[in-house]
Amino acid sequence: AFRGPLVSALTAEFVSPKQMPSALALNSVSMNLSRVLGPMVAGVVITVSSVYSVFLLNALLSLSTTALLCFHLRHSKAGRTSDPENFLTALRTGVGFLQGSEILRSVISRMFLFACMTTSLLSMLPILARNIDTGALAPAAAYTSLLMATGLGALLAAVFLSSIRAHCSNHALI
């Protein structure tokens, strides 16, 4: 829940504005690739070791990512010549900018609706997996398959996104 917004906010620290669309697309691809590969890796780790090992591996990877980000942020602050903006002041400035921009309000509204729909779908997957007739497939395996399918669908969409963009505007695409 925290990783997505954090990575999106930090992307600007690592890439130029010109590279931002490609960086965000790559970020999305990596997130969805993890939905496809993560359950497979977890299955292998559980088979070789135990369920606890999956949680330990996840914790170690999360801690190493946090350490790398802290290291980067500490070194990037060393070259900063001004103090960071107060959070509430920045929030008021952002809301004011949002109120004055019809295009931005439209994009944020669409993103909100999309997030509501996708969150609802992902939260219902366990119930769907439990209730569908999977034959010999256990509900956990059905859930894993459904989750992997959502990631694979998003990856395919990312692959075809550039050709889709050639036929319609960004506004129509969103």
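In this report, we go over the structure that sits alongside the text.

**Some thoughts on the overall build of the chain**
Argument step 1. Summing up its helical and strand segments, the chain has seven helices and zero strands in all.
Argument step 2. Looking at the 174 residues of the chain, the share that counts as buried comes to 10%.
Argument step 3. Pairs at least 24 residues apart make up 51% of the contacts formed inside the chain by residues separated by at least 6 positions.
Argument step 4. In the form shown here, the chain has an accessible surface area of approximately 13300 Å², with 71% of it arising from carbon and sulfur atoms.

**Description of the packing of helix α2 (residues 20–48) against helix α6 (residues 139–165)**
Argument step 1. The N-to-C vectors of α2 and α6 enclose an angle of 150 degrees; their axes lie 8 Å apart at closest approach. Relative to α6, α2 is oriented roughly antiparallel. Our pair here, α2 against α6, has a crossing hand that is left-handed. Residues V29, N32, L33, R35, V36, P39 and M40 of α2 form the contact with α6, whose own contacting residues are T144, L147, M148, T150, G151, L152, A154, L155 and A158.
Argument step 2. Of the residues belonging to the contact of α2 with α6, the class tally is eleven nonpolar, four polar and one charged.

**Topic: the packing of helix α5 (residues 102–131) against α6**
The axes of two packed helices give the description: the angle between them and the distance between them.
Argument step 1. Packing of α5 against α6 brings their axes to within 8 Å, and their N-to-C directions diverge by 140 degrees. By the criterion of interaxial angle, the relationship of α5 to α6 is oblique. Crossing handedness for the pair α5 and α6: right-handed. The segment α5 lies against α6, with L122, L125, P126, L128, A129 and R130 engaging P139, A142, Y143, L146, L147 and T150.

**Comments concerning the layout of surface pockets**
The rolling of a water-molecule-sized probe over the atoms marks out the regions of remaining empty space.
Argument step 1. Of the voids in this model, the second largest pocket is the one considered here, and its volume is about 160 Å³.
Argument step 2. Lining the second largest pocket are P39, A42, G43, A140, A141, Y143, T144 and L147.
Argument step 3. Of all the secondary-structure elements, those providing two or more residues to the lining of the second largest pocket are α2 and α6.

**Observations regarding the pattern of salt bridges**
Argument step 1. Inspection of the entire model under this criterion finds one salt bridge.
Argument step 2. With its nearest N and O atoms 2.5 Å apart, the salt bridge here joins R105 to E102. Placement of the pair is R105 and E102 together in helix α5, with a separation of three residues, close to one helical turn.
Argument step 3. E102 gets classed as exposed once you look at its relative accessible area, which sits at 53%.

Each value, and the rule that gives it
- Residues numbered from 1 in each chain as written.
- Predicted model: local features only at pLDDT ≥ 70, side-chain atom pairs only at ≥ 80, totals over all residues.
- Heavy atoms only, no water.
- Helix = DSSP H or I, 4+ residues; strand = E, 2+ residues; numbered from the N terminus.
- Buried < 20%, exposed > 50% of the residue type's maximum accessible area, 1.4 Å probe, protein only.
- Contact = heavy atoms within 4.5 Å.
- Areas by Shrake-Rupley, 256 points an atom, 1.4 Å probe, with all protein chains shown as cover.
- Axes fitted to C-alpha atoms, helices over the stretch in contact; angles between N-to-C directions.
- Parallel < 35°, antiparallel > 145°, perpendicular 65-115°, else oblique.
- Left-handed = near helix turned anticlockwise from the far one by under 90°.
- Nonpolar A, V, L, I, M, F, W, Y, C, P; charged D, E, K, R; others polar.
- 1 Å grid on protein atoms, 1.4 Å probe; cavity = no way out; pocket = protein on both sides within 12 Å on 5 of 7 lines; lining within 4 Å.
- Points joined across faces, edges and corners; volume = space filled by probe spheres on them.
- Salt bridge = Lys/Arg side-chain N within 4 Å of Asp/Glu carboxyl O.

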